[in-house]
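Examination of the molecular architecture
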Protein chains: 2
Amino acid sequence: MRIAQVAPLYEAVPPGAYGGTERVIATLCDGLVSQGHEVTLFAPETSETDAVLESYGEPLRTRFSREELTDLAPHLHLQMLAELYSRQDEFDVVHSHLDIWTYPFTLLAQVPTVLTMHGRLDLDFLRDLLPRYGTVPLVSISDDQRRAVADLDLTWAATVYNGLDLSAYSDVPHDSDGYLGFVGRIAEEKGPLAAIEVARRSGLPLRMAAKVDPLDEVYYEEEVKPHMGHGVDFIGEIEEHEKAKFYAGARATLFPSDWPEPFGLVMIESLAAGTPVIALRRGSVPEVIDDGVTGFICDDVDQMAKAAERIGEIDPDECRRQAARFSAEAMCQGYIEVYEALVRARGSRG
Amino acid sequence: MRIAQVAPLYEAVPPGAYGGTERVIATLCDGLVSQGHEVTLFAPETSETDAVLESYGEPLRTRFSREELTDLAPHLHLQMLAELYSRQDEFDVVHSHLDIWTYPFTLLAQVPTVLTMHGRLDLDFLRDLLPRYGTVPLVSISDDQRRAVADLDLTWAATVYNGLDLSAYSDVPHDSDGYLGFVGRIAEEKGPLAAIEVARRSGLPLRMAAKVDPLDEVYYEEEVKPHMGHGVDFIGEIEEHEKAKFYAGARATLFPSDWPEPFGLVMIESLAAGTPVIALRRGSVPEVIDDGVTGFICDDVDQMAKAAERIGEIDPDECRRQAARFSAEAMCQGYIEVYEALVRARGSRG
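The following paragraphs examine the structure supplied in this document. Note that the structure is a prediction, hence the values are computed from the model and not measured. (Residues numbered from 1 in each chain as written. Chains lettered and ligands numbered in written order. Predicted model: local features only at pLDDT ≥ 70, side-chain atom pairs only at ≥ 80, totals over all residues. Heavy atoms only, no water.)

**What to know about the relation of the copies chain A and chain B**
Convention followed: A least-squares superposition brings the copies together, and it is based on the C-alpha atoms of residues with pLDDT no lower than 70 in both. When checking whether two residues touch, look at their non-hydrogen atoms; a contact exists if any pair is within 4.5 Å.
Superposing chain A onto chain B requires a rotation of 180° together with a translation of 0.0 Å along the rotation axis, leaving an RMSD of 0.0 Å. Here the copies are linked by what is in effect a two-fold axis. Same-surface contact between copies: 100% of interface residues of chain A are shared with the interface of chain B.

Here is the structure:
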């Protein structure tokens, strides 16, 4: 199949460090190419891919201020999409990761188009917008993600879980006596304070490998930083190649995210390293974690602290085995089935 | 010609009160229809027009909060444009007043499209965006409006001054002994404090017929309201049918706008009522006002106050005569020439 993949222009594909969506797109493109598909990736010029790259300048985050991006980014994304659709005959299917910005082109294009919804759907304005394009096929990245819009008349093609190249995680030994790990971004909804509280109550050391966005600087300085020390260490953002070692060195990864996380790559990275996950029951968590088998699903900080004390009950090898559900191969297979169904449906329409 | 006109969805066409762009679009549509053209107007459902109305719900300002609009309005505008362009064969020319949101469709459409730039162009992000679509024909509403982007490679089809149905203004007698008038919106850049200062220095009474947007409420309360009284009256927003009497009752209209106003409908409404204009030398002012003939163009508040004392030198009949340059007919003729040139150019391309 000739497949166009459309990425947001903020970060390179894959990104240097933080940027889950861009990493997933990179993995998907390389996986599809390795299976013999002709893939064209529309993305920033610093992207690295086995696909044919249609490059659109340096990543926007490096070129523009936050204010400039608010005004400009929609128009740069629309221009890229318009250029893609003006060449629609070159593709059998368009897979856009720019979701709602792609909608208007589906009214003008003949080529089948599928959108992956990478973000949360529990936003008021989406309840008005999504049904206006109710026939456009959508992919969710967890079943739970659809819940906020379950009453709307939409066309869900599939749930395709995010997948990653997990090979880098397979040969680092898991340390069952290690620290508690926290990976992500320092922001209230990610639950850094809950992670610290779990460490305090369980008496275990905590290492936080986390990015602090400029927007979250004040929150970090005022709310998080004062808790550092006495077994709680902040080591900052880590690069992709440092992740396997960080996860494997943890006896458990804490995932106290307090919002309906549509997926949560942290959980599968942890499982791939043989490290169980202690998570709050939110969003996609029950679909990713097998409670009592690959970690513990908890209702509050108190349960999380108790789970940390029982973490030895979890078999690291079972964590690695279950991580295979979220491999690059599984994700590629999921999307190929979606593309094939779209191409068949188009053929049968004549 | 079969002409599609595309309006923003915030206000009805024409608007109830304040809303210059919507009033101009309404005048243009009716004028084109009266000349025998087939016009289709894409606009809110409460619009009133001689054109065929493709209606898009109640005006957005009445349906959504400011925050909701930030998220939703771009997508509602894009949907309307996509639906229009999916029917492009029904039109000989598309005239969009949604300017930059229309750009992506020009890459996909065959129908000639022209954009009127109704806003200011001296914004940083436009310097990046406009040259990306350098071949799309643009109309400016004054020559001065182009100045901020004069160094960019753009395609200017024409300057077409805004026009209004001025007949309502022709039969109210001008009062040469009246007050000083201020019409517009209470906002710092519109110069309400300068208007008050001019009234104080010249010893003449001032009447301010002005809208206070929720966003400008604090500015009004703290900066403007304390100056009321002692000959300065705030009468609030006035309806369209009250305007002629308000302008005609003024010996002069003050236009102390302190930003590069792309056009300034207030000036032509005033001239149509036989009322000269005392304006700061900004933006389009020197193109609209004939200095010493239909008013005075000033460099500061001091000059404006002196001009107010000399306003008897201006001939009201000459003001009315010059207002004809900004009639509905003149505007329609200007746009018809633009449309015809586009249709001819398309024909010669084959």
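**Topic: the packing of helix α9 (residues 240-248) of chain A against helix α10 (residues 265-272) of chain A**
All names here are of chain A. The following threshold applies: To get an axis, a line is fitted to the C-alpha atoms, and for a helix only the part in contact is used. The angle between two axes follows their N-to-C directions and goes from 0 to 180 degrees. Segments assigned H or I by DSSP are reported as helices when at least four residues long, segments assigned E as strands when at least two residues long, and all are numbered from the N terminus. The sense of a crossing depends on the near helix, which, turned anticlockwise from the far helix by less than a right angle, makes the crossing left-handed and, turned clockwise, makes it right-handed. Under the scheme applied, nonpolar residues are Ala, Val, Leu, Ile, Met, Phe, Trp, Tyr, Cys and Pro; charged residues are Asp, Glu, Lys and Arg; polar residues are all the others, including Gly.
As a packed pair, α9 and α10 sit with axes 8 Å apart at the nearest point and diverge in direction by 60°. Here α9 runs over α10; the crossing is right-handed. Taken together, the residues of α10 that come into contact with α9 (itself represented by Glu-240, Lys-243 and Tyr-247) are Val-266, Glu-269 and Ser-270. For the contact of α9 with α10, the class distribution of residues is 2 nonpolar, 1 polar and 3 charged.

**Overview of the sheet that holds strand β8 (residues 179-185) of chain B**
All names here are of chain B. Applicable threshold: By the convention used here, strands pair only if DSSP detects at least 2 bridges between them.
Ordered in space as β10-β9-β8-β11-β12-β13, the 6 strands form an open sheet in which the pairing is parallel. Whereas interior strands pair on both sides, the edge strands pair on one side only; in this sheet they are β10 (232-234) and β13 (295-298). The average undirected angle you get between the axes of adjacent strands in this sheet is 20°. Strand direction decides the pairing type here: β8 and strand β9 (residues 206-211), joined by 6 bridges, are parallel. Within the sheet, the bridge partner assigned to Phe-182 lies in β9 and is Met-208. Contacting β8, β9 and β11 (250-255), helix α9 (residues 240-248) runs over the sheet at an angle of about 145° to β8. Sheet strands in contact with helix α10 (residues 265-272) are β8, β11 and β12 (277-280), and its direction is about 165° off that of β11.

**A closer look at the pairing of β11 of chain B**
Residues and elements named next belong to chain B. Applicable threshold: Each residue is assigned to one of three classes by its accessible area relative to the maximum for its type, calculated with a 1.4 Å probe on protein chains only: buried under 20%, partly exposed between the two thresholds, exposed over 50%. For crossovers, right-handed means that the path from the first strand over the helix to the second runs clockwise, given strands pointing away from the viewer.
The buried count for β11 comes to 6 of 6 residues, which makes it a mostly enclosed element. Direction of pairing for β8 relative to β11: parallel, over a ladder of 3 bridges. Residue pairing in the sheet places Tyr-179 in a bridge with Ala-250 of β11. Examined bridge by bridge, β11 and β12 share 3 bridges and lie parallel to one another. Paired with Leu-254 across the two strands is Ile-278, which belongs to β12. For the crossover that starts at β11, traverses α10 and ends in the parallel β12, the hand is right-handed.

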